[in-house]
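Breakdown of the fold
Residue strings, one per chain:
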Amino acid sequence: MIQIEEAQQEPGVTLDRVHFGFGTTDLLSGVSWELNQGESAAILGASGSGKSTFLLVAAGLIAPVQGSVLLGAHPLRRLSPSERVRRGLRLGFVFQDGGLFANMDAFSNVSLPLYYHQDVLGLSDEAIKERTREVLDLAQVEERHFQTLPAHLSFGDRKRLGIARALSIRPNYFFFDDPDIGLDHRTANVAHQILSQLKADPTVTLLIATNRTKLIVRLNIPGFELHDGRLTTAQTQSHAPSGWSLPPRLIIP
Amino acid sequence: MSRATPTSSLLEHLGARTLHVVDVAQRLVGTLVFALRSSSAPGLGAKAVVRELSVRQIFFTSAQALPMIGAVATFVGATLTAQTELLGGPFQRETAGKVLVAVVLRELAPLVTAIIVAGRSGTAIATELGMMRVNSEILGLASLGIDPPRFLIWPRLVATTISVPILTIYFSAVAIVSGNVTAFLIDSHGLEEWRVGAMLALSPLDLPLMGIKTLGLGLLVGWLCCYYGLDVGSSPTEVPQKASRAVVQSLFACIAYNALITVLYYWLFGATVT
């Protein structure tokens, strides 16, 4: 089993002998892996190697064929999504292709989880509206797009809306699938700044899937390579290049 | 090298088919069980969101279907009265009234309403859920801690189960009024006989019969259409295929269920029409 840090720390994401595949293709072959709470890591690999699947399995969004997945100390197999939130496991997941609710406008996409968990999060209607605006502003979704359906937004706007939605319930587990793919400069900048702040937050466990080592060097997080269903420690530069820093303009509220 | 004999390949085929049927039955039952179980899960915020969604679904399934149901019921009531009039002539007015009430109230109204709901809302349910699967929206819901059975299946089940009885009452009322008007237009002197016949055909057992039929039909339509919608994999081409299968299977299930309840009703209570 690959472990990142000392074993005394609280477990964040734990995969124990996980198998998963589509048809005859085995994407995860008995993967055992652990990421401590409050730490960050990236899953690297070529296209089609199963990085996105790894992220979905690690977040408990798809169940493995064999093996178990734990978030914190909670086995995910028996927890419904809302039960997870009631137990303090708040997920933020940015999908590669958006995963936005097509029949809801941008504002409702972000506010829906807040209304759904209104009692658990202890939010008033006013606080929900405020929080929604806060994360939409943070992700630089312009106000003129608040009442727009995702289908009428550009790719960059949709990606930023996806980031805003994932941040809405103040996640303590954040999963980001391919933060760099096909993004314009502005969206990439937003994504990097948010990732950098989440990485610095000790309450957030961060897991990224990417095929760009440059990003994980910039974020200075360990990388693990997924190849033929197995996970190995990736050989990446361990520190950010000198002189490189993220502009501290955006602060996650 | 061993070679498969015809008997072993037949057994293999039968085994595979049986496993497939068991798998489908399990997932079908799972769709209903998860929706029912999730509906009683805690969470005041979730309850409020789901209540609002259910109201919206009921509005779409029932209120927006009123014009179509009204038109179909008018034609059914009129044609049925005209046909019985043609068959029985002026001396069978009472029978014509009885036939209209028995056929419309007990058989046609619940079944035709369920067929319209399956064709109209069932397609919409299966297509919408299928598209949500393809676009990873269901994964999006789960990632945000929103239970897909509670958020997606439960409001739709509630909507179809409530809407079919409401629309059946509306259908029956419109069909009877239409039959009444047709009987009057054919021969205004025989209208009283027609009305007497219609009243005689009514039985106190019609109410529970209609309740069992319509609630069951509504549940079947919602259940099967949700199941087929969520059964879509990751390809958009599966969406129309599953939507069409959802409607065809719903129609078949509705006709079979309607027949089963009718047979049970007459077996248990005999002919209540005097």
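Keep in mind that what you see is a predicted model, and the values were worked out from it rather than measured. (Residues numbered from 1 in each chain as written. Chains lettered and ligands numbered in written order. Predicted model: local features only at pLDDT ≥ 70, side-chain atom pairs only at ≥ 80, totals over all residues. Heavy atoms only, no water.)

1. Digging into the overall build of chain A
Of the regular secondary structure elements, chain A holds 8 helices and 11 strands. A total of 253 residues make up chain A; the buried ones form 53% of that total. Taking the intrachain contacts of chain A between residues at least 6 apart in sequence as the baseline, contacts between residues at least 24 apart amount to 70%. (Helix = DSSP H or I, 4+ residues; strand = E, 2+ residues; numbered from the N terminus. Buried < 20%, exposed > 50% of the residue type's maximum accessible area, 1.4 Å probe, protein only. Contact = heavy atoms within 4.5 Å.)

2. Points about the packing of helix α4 (residues 93-134) of chain B against helix α7 (residues 191-201) of chain B
Residue and element names in this part refer to chain B. It is at 6 Å that the axes of α4 and α7 come closest, and there the two elements cross at 40°. Between α4 and α7, the interaxial angle falls into the category oblique. The way α4 lies across α7 gives a crossing that is right-handed. Across the interface between the two elements, R93, E94, A96, G97, K98, L100, V101 and R106 from α4 touch E193, W194, V196, G197, A198, L200 and A201 from α7. Residues of the contact of α4 with α7, tallied by class, amount to 8 nonpolar, 2 polar and 5 charged. (Axes fitted to C-alpha atoms, helices over the stretch in contact; angles between N-to-C directions. Parallel < 35°, antiparallel > 145°, perpendicular 65-115°, else oblique. Left-handed = near helix turned anticlockwise from the far one by under 90°. Nonpolar A, V, L, I, M, F, W, Y, C, P; charged D, E, K, R; others polar.)

3. What to know about the confidence of the model for chain A
Residues and elements named next belong to chain A. Overall, the predicted model of chain A reaches an average pLDDT of 86, with 89% of residues at or above 70. Ranking the elements of chain A by mean pLDDT puts strand β1 (residues 2-3) last, at 50, and helix α3 (residues 106-116) first, at 96. Segment residues 239-248: pLDDT under 50, and 12 contacts once partners within four positions in sequence are set aside and those in other chains are kept. (pLDDT = per-residue confidence, 0-100.)

4. A closer look at the sheet that holds strand β9 (residues 205-210) of chain A
All names here are of chain A. Here we have 6 strands laid out as an open sheet, ordered β7-β8-β9-β4-β10-β11, and mixed in their pairing. Looking at which strands have only one partner, the edges of the open sheet turn out to be β7 (91-94) and β11 (230-233). Put simply, the sheet's adjacent strands are angled 20° from each other on average, direction ignored. The pairing of strand β8 (residues 173-177) with β9 spans 5 bridges and is classified as parallel. Bridge assignment links F176 to a residue of β9, and that residue is I208. Sitting on the sheet, helix α6 (residues 155-167) touches β7 and β8, and the angle it makes with β7 is about 170°. (Pairing = 2+ DSSP bridges.)

5. Thoughts on helix α9 (residues 238-269) of chain B
Between its first and last C-alpha, α9(B) extends 45 Å over 32 residues, near the 46 Å set by a 1.5 Å rise per residue. Of the residues flanking the end of α9(B), it is G270(B), one or two places downstream, whose phi is positive at about 70°. (Expected span 1.5 Å × (residues − 1).)

6. A word on the nonpolar core
Residues L112(A), L141(B), F151(B) and F171(B) are the most contacted members of the largest nonpolar core, which totals 66 residues. With 16 residues, the single largest contributor to this core is α4(B). Apart from the residues lying within four places of it in its own chain, the contact partners of L141(B) are F101(A), L112(A), M132(B), I146(B), F151(B) and L152(B). Of all hydrophobic cores here, the second largest spans 34 residues; its members include F174(A), V190(A), I194(A) and L215(A). (Core = buried A, V, L, I, M, F, W, Y, C linked by side-chain atoms within 4.5 Å.)

7. Focus: the interface of chain B and chain A
Where interface size is given, it is often the accessible area lost as the parts come together that is meant. Across the boundary between the two partners, chain B contributes 23 residues, which contact 28 residues of chain A. Roughly 2,000 Å² is buried in total at the junction of chain B and chain A, and carbon and sulfur atoms are behind 63% of that figure. Considering only the side of chain B, the residues that lose the most area to chain A are L139(B), S143(B) and L144(B), jointly responsible for 29% of the buried surface there. The tally of links from chain B across to chain A stands at 0 salt bridges. At the surface where chain B touches chain A, the tally comes to 12 residue pairs in polar contact (both at pLDDT 80 or more). Within the residue set of the side of chain B that touches chain A, elements represented by two or more residues are α2 (44-61), α5 (137-143) and α6 (148-186) of chain B. When residues in the side of chain B that touches chain A are grouped by element, the largest group, 6 residues, is from α5(B). Residue composition of the side of chain B that touches chain A, grouped by class: 12 nonpolar, 7 polar and 4 charged. (Buried area = accessible area lost by both parts, 1.4 Å probe. Salt bridge = Lys/Arg side-chain N within 4 Å of Asp/Glu carboxyl O. Polar contact = N/O pair within 3.5 Å; in protein donor to acceptor, adjacent residues only side chain to side chain.)

8. Some remarks on the pairing of strand β10 (residues 223-227) of chain A
Residue and element names in this part refer to chain A. Here 3 bridges tie strand β4 (residues 40-44) to β10, and the two strands are oriented parallel to one another. Within β10, the residue paired with I43 across the bridge is F224. As paired elements, β10 and β11 share 4 bridges and run antiparallel to each other. Residue pairing across strands places L226 opposite L231, the latter belonging to β11. Between β10 and β11, which pair antiparallel in sequence order, lie 2 residues; one of them, D228, sits at a positive phi of approximately 55°.

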